[in-house]
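Each chain, written out:
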Amino acid sequence: MHMAHDYLATAPFDLRDLHHFHALAESGSFTMAARNVGLTQSSLTRVIQGMEERLGVALFERTTRRVTMTEAGLYLKQHSRRLVGDVDAVLKRMREEFTEARREVKVGISRGVTLAHLPGIFSASQRHQPEVFTRVYHQDSATLIESLDQRELDLGILTAPRRLPTSLEVTHRFGDVFTLIAAREHVPPPTTANARAWKSWLCTQRWLMLDSAMQTGRAIHAWLRDQGLEIEPAMELDSFDVIIQLVATGMGIGLVPRRALATFARRQALQRLTWKPRFTRELAVLARKERKRAAHVQAFVDHILF
């Protein structure tokens, strides 16, 4: 116990300082970070300088144009992020359960999830607990998983990952079937019964595809190769909804979730091209493993309609 007292008396920073450090690390701007944490720029500068002096290392490199992190700063950010997330999550839970603070669910949506998927995720929860505020973030899958692991999100919806951190679990899984689409006036393909002509036709088309840096994008490229097709996309995008819009204007063909077409207002501008076997993926809802999840978060999970 005496050792703990000695540490607290000589600690180089406290949780408030650490929070301010992370605000600057995330924004890369003293002006923006100071605004986010409610300090003046000079006050934030003094906080960071005090941390650096007590630690004996520089955390940031400052120039007239930008602020970048040093190696020591990156190390501190990486290894203290979970601590900040844990404290923020505990305080949030206390406010929601023991005060009159508005309850909130933070949900991360992968960019590979389409607008048509969202009603099944949000609509029932909004009906059953309209007083709960939902904050939605649009992230790539890797960032989303990291944010969940660091307690910065309550839930995440994304293509089911092959591996999960031990802190996370899957609450829902559902299949997502894809279909090949073209503009209504697009030159019709040969019958799929003639495999050689069909593959030749596919390889000559302008393909609009999901970014190959994204998990689903990589899976589509691998599936096409398994079908004996080496496709060079004309465009790569990070949204199936945008791909559908561009296909409808005649800019090419695309492989998109069948569900996504349900909310597209100009479906008459599209034609589905029959192609078997179909590409499918599995979407998943992820949450942190907890002995007892907050009641309003658990209710949100229970009302997901997949």
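Now for a quick tour of the structure. (Residues numbered from 1 in each chain as written. Predicted model: local features only at pLDDT ≥ 70, side-chain atom pairs only at ≥ 80, totals over all residues. Heavy atoms only, no water.)

1. Concerning the overall build of the chain
Here is step 1 of the chain: Each helix and strand in the chain was counted, giving 11 helices and 11 strands.
Here is step 2 of the chain: Taken against the 2.2 N^0.38 rule, which gives 19 Å for 306 residues, the C-alpha radius of gyration of the chain at 24 Å runs more than 25% over that of a compact globule.
Here is step 3 of the chain: When the backbone C-alpha atoms are referred to their principal axes, the chain occupies close to 80 × 50 × 30 Å.
Here is step 4 of the chain: A total of 306 residues make up the chain; the buried ones form 44% of that total.
Here is step 5 of the chain: At a minimum sequence separation of 6, the contacts of the chain that also span at least 24 residues come to 73%.
Here is step 6 of the chain: Here the chain displays about 17100 Å² of accessible surface, and carbon together with sulfur accounts for 52% of that area.
Here is step 7 of the chain: Charge centroids of the chain, computed over 42 positive and 33 negative side chains, lie 7 Å from each other. (Helix = DSSP H or I, 4+ residues; strand = E, 2+ residues; numbered from the N terminus. Rg over C-alpha atoms; globule rule 2.2 N^0.38 Å. Buried < 20%, exposed > 50% of the residue type's maximum accessible area, 1.4 Å probe, protein only. Contact = heavy atoms within 4.5 Å. Areas by Shrake-Rupley, 256 points an atom, 1.4 Å probe, with all protein chains shown as cover. Lys, Arg positive; Asp, Glu negative; His and termini not counted. Charge placed at Lys NZ, Arg CZ, Asp CG, Glu CD.)

2. Points about helix 10 (residues 240-248)
Here is step 1 of the chain: Among the nine residues that make up helix 10, seven are buried, leaving the element largely enclosed by the rest of the structure.
Here is step 2 of the chain: Taken as a whole, helix 10 has its buried residues at Phe 240, Asp 241, Ile 243, Ile 244, Leu 246, Val 247 and Ala 248.
Here is step 3 of the chain: Its side-chain oxygen placed 3.2 Å from the backbone nitrogen of Asp 241, Ser 239 serves as the N-cap of helix 10.
Here is step 4 of the chain: Positive phi appears at Gly 250, one or two residues downstream of helix 10, with a value of about 90°. (Polar contact = N/O pair within 3.5 Å; in protein donor to acceptor, adjacent residues only side chain to side chain.)

3. What to know about the side chain of His 221
Here is step 1 of the chain: Looking at where His 221 falls in the secondary structure, it is placed in helix 9 (residues 215-226).
Here is step 2 of the chain: The class of His 221 is buried, set by a relative accessible area of 14%.
Here is step 3 of the chain: The residues contacting His 221, other than those within four sequence positions of it, are Met 209, Leu 210, Ser 212, Pro 233 and Glu 236.

4. Let's talk about the layout of surface pockets
Here is step 1 of the chain: In this structure, the largest pocket encloses a volume near 1100 Å³.
Here is step 2 of the chain: Contributing to the lining of the largest pocket are 38 residues, with Asp 88, Ala 89, Lys 106, Arg 151 and Glu 152 lying nearest its centre.
Here is step 3 of the chain: The set of elements that each furnish at least two residues to the lining of the largest pocket consists of helix 2 (15-27), helix 3 (30-37), helix 5 (71-98), strand 3 (104-110), strand 4 (133-139) and helix 11 (295-302).
Here is step 4 of the chain: Tallying contributions element by element places helix 5 first for the lining of the largest pocket, with 12 residues.
Here is step 5 of the chain: Broken down by class, the residue content of the lining of the largest pocket amounts to 12 nonpolar, eight polar and 18 charged.
Here is step 6 of the chain: Considering the residues around the second largest pocket, the lining is formed by 15 residues, among which Ser 141, Met 214, Gln 215, Thr 216 and Arg 218 are closest to the centre.
Here is step 7 of the chain: Those elements that provide at least two residues to the lining of the second largest pocket are helix 7 (141-149) and helix 9.
Here is step 8 of the chain: Broken down by element, the residue count for the lining of the second largest pocket peaks at four residues, all from helix 9.
Here is step 9 of the chain: Broken down by class, the residue content of the lining of the second largest pocket amounts to five nonpolar, six polar and four charged. (1 Å grid on protein atoms, 1.4 Å probe; cavity = no way out; pocket = protein on both sides within 12 Å on 5 of 7 lines; lining within 4 Å. Points joined across faces, edges and corners; volume = space filled by probe spheres on them. Nonpolar A, V, L, I, M, F, W, Y, C, P; charged D, E, K, R; others polar.)

5. Focus on a positive patch on the surface
Here is step 1 of the chain: On the surface, Arg 258, Arg 267, Arg 272, Lys 276 and Arg 278 cluster together into a positively charged patch.
Here is step 2 of the chain: Within the secondary structure, Arg 272 sits in strand 10 (residues 270-273). (Patch = residues over 30% accessible without salt bridge, like charges linked within 9 Å, V, L, I, M, F, W, Y side chains within 5 Å. Salt bridge = Lys/Arg side-chain N within 4 Å of Asp/Glu carboxyl O.)

6. Observations concerning the environment of Leu 118
Here is step 1 of the chain: Checked against the element boundaries, Leu 118 lands in helix 6 (residues 118-128).
Here is step 2 of the chain: Along the backbone, Leu 118 and Val 136 are 18 residues apart, and their C-alpha atoms lie at a distance of 11 Å.
Here is step 3 of the chain: Residue contacts for Leu 118: discarding those within four places in its chain leaves Ile 109, Val 113 and Ser 123.

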